Amino acid sequence: MKFDARVMTAADFDQWLAQARGTAQHLGQARLAELEKPTHGAPMQRFASVDTGLFDSILRRYGDMPDDEICLPGEEPGAKTQLVSLAASASRTAEN
């Protein structure tokens, strides 16, 4: 998986955040399940709100697993996946 990262000023971040919050999109468990399906070339999506506890539920699902055991729903542990550990160091690349 490849992605671009941007570094911006606090003011630019605040402007980006206001724009993202201006959408009507909500990210909950059902929508997350759709996003977890492999895609290629999908457009960027922004969400104005997120279910309470969603981030913690993701961490519980993957947080205590070694990188080589992280898998998508329906995959077996150890299967080649394109997920990157949430705890990856800053020097690690996002490419598998």
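Residues numbered from 1 in each chain as written. Predicted model: local features only at pLDDT ≥ 70, side-chain atom pairs only at ≥ 80, totals over all residues. Heavy atoms only, no water.

Of the regular secondary structure elements, the chain holds three helices and two strands. Helices and strands appear in the chain in the N-to-C order α-β-α-β-α. With 96 residues in all, the chain has 17% of them scored as buried. Looking at the chain alone, contacts between residues at least 24 apart form 43% of all its contacts between residues at least 6 apart. For the chain, the accessible area works out to roughly 7800 Å², and carbon and sulfur atoms hold 55% of it. (Helix = DSSP H or I, 4+ residues; strand = E, 2+ residues; numbered from the N terminus. Buried < 20%, exposed > 50% of the residue type's maximum accessible area, 1.4 Å probe, protein only. Contact = heavy atoms within 4.5 Å. Areas by Shrake-Rupley, 256 points an atom, 1.4 Å probe, with all protein chains shown as cover.)

Since the α-helix packs 3.6 residues into each turn, any two residues three or four apart lie on the same face. Buried residues of helix H3 (residues 54-62): Leu-54, Ser-57, Ile-58 and Tyr-62, and no others. In a view along the axis of H3, the buried residues occupy a sector of 115°, so they form one face of it. (Arc of directions from axis to C-beta.)

Taken together, the side chains of Met-8, Phe-13 and Trp-16 present a nonpolar region at the surface, about 260 Å² in accessible area. The topology assignment puts Met-8 in the segment before helix H1 (10-21). For Met-8, a relative accessible area of 35% corresponds to the partly exposed category. (Patch = residues over 30% accessible without salt bridge, like charges linked within 9 Å, V, L, I, M, F, W, Y side chains within 5 Å. Salt bridge = Lys/Arg side-chain N within 4 Å of Asp/Glu carboxyl O.)

To continue, consider H1. Over its twelve residues, H1 extends 16 Å from the first C-alpha to the last, a length consistent with the 16 Å expected when each residue adds 1.5 Å. Burial analysis of H1 places just one of its twelve residues in the buried class, which makes it a mostly uncovered element. (Expected span 1.5 Å × (residues − 1).)

Let us look at the side chain of Ser-57. Within the element layout of this structure, Ser-57 appears in helix H3. Using a relative accessible area of 17% as the deciding quantity, one classes Ser-57 as buried.

What follows is about the nonpolar core. Core analysis: the largest hydrophobic core is formed by six residues, namely Leu-27, Leu-32, Phe-47, Leu-54, Ile-58 and Tyr-62. The biggest single contributor to this core is H3, with three residues. The contact partners of Leu-54, leaving out residues within four places of it in the chain, are Leu-27, Gly-28, Gln-29 and Leu-32. (Core = buried A, V, L, I, M, F, W, Y, C linked by side-chain atoms within 4.5 Å.)

Any two side chains of opposite charge can pair, given that their charged atoms come close. Applying the stated criterion across every chain yields a total of one salt bridge. In this structure, Lys-37 and Glu-34 form a salt bridge, with 3.1 Å as the shortest nitrogen-oxygen distance. Classification of Lys-37 as partly exposed rests on a relative accessible area of 45%. A residue is classified by how much of its surface remains accessible, and Glu-34, at 43% relative accessible area, is partly exposed.

Structural measurements only, silent on function.
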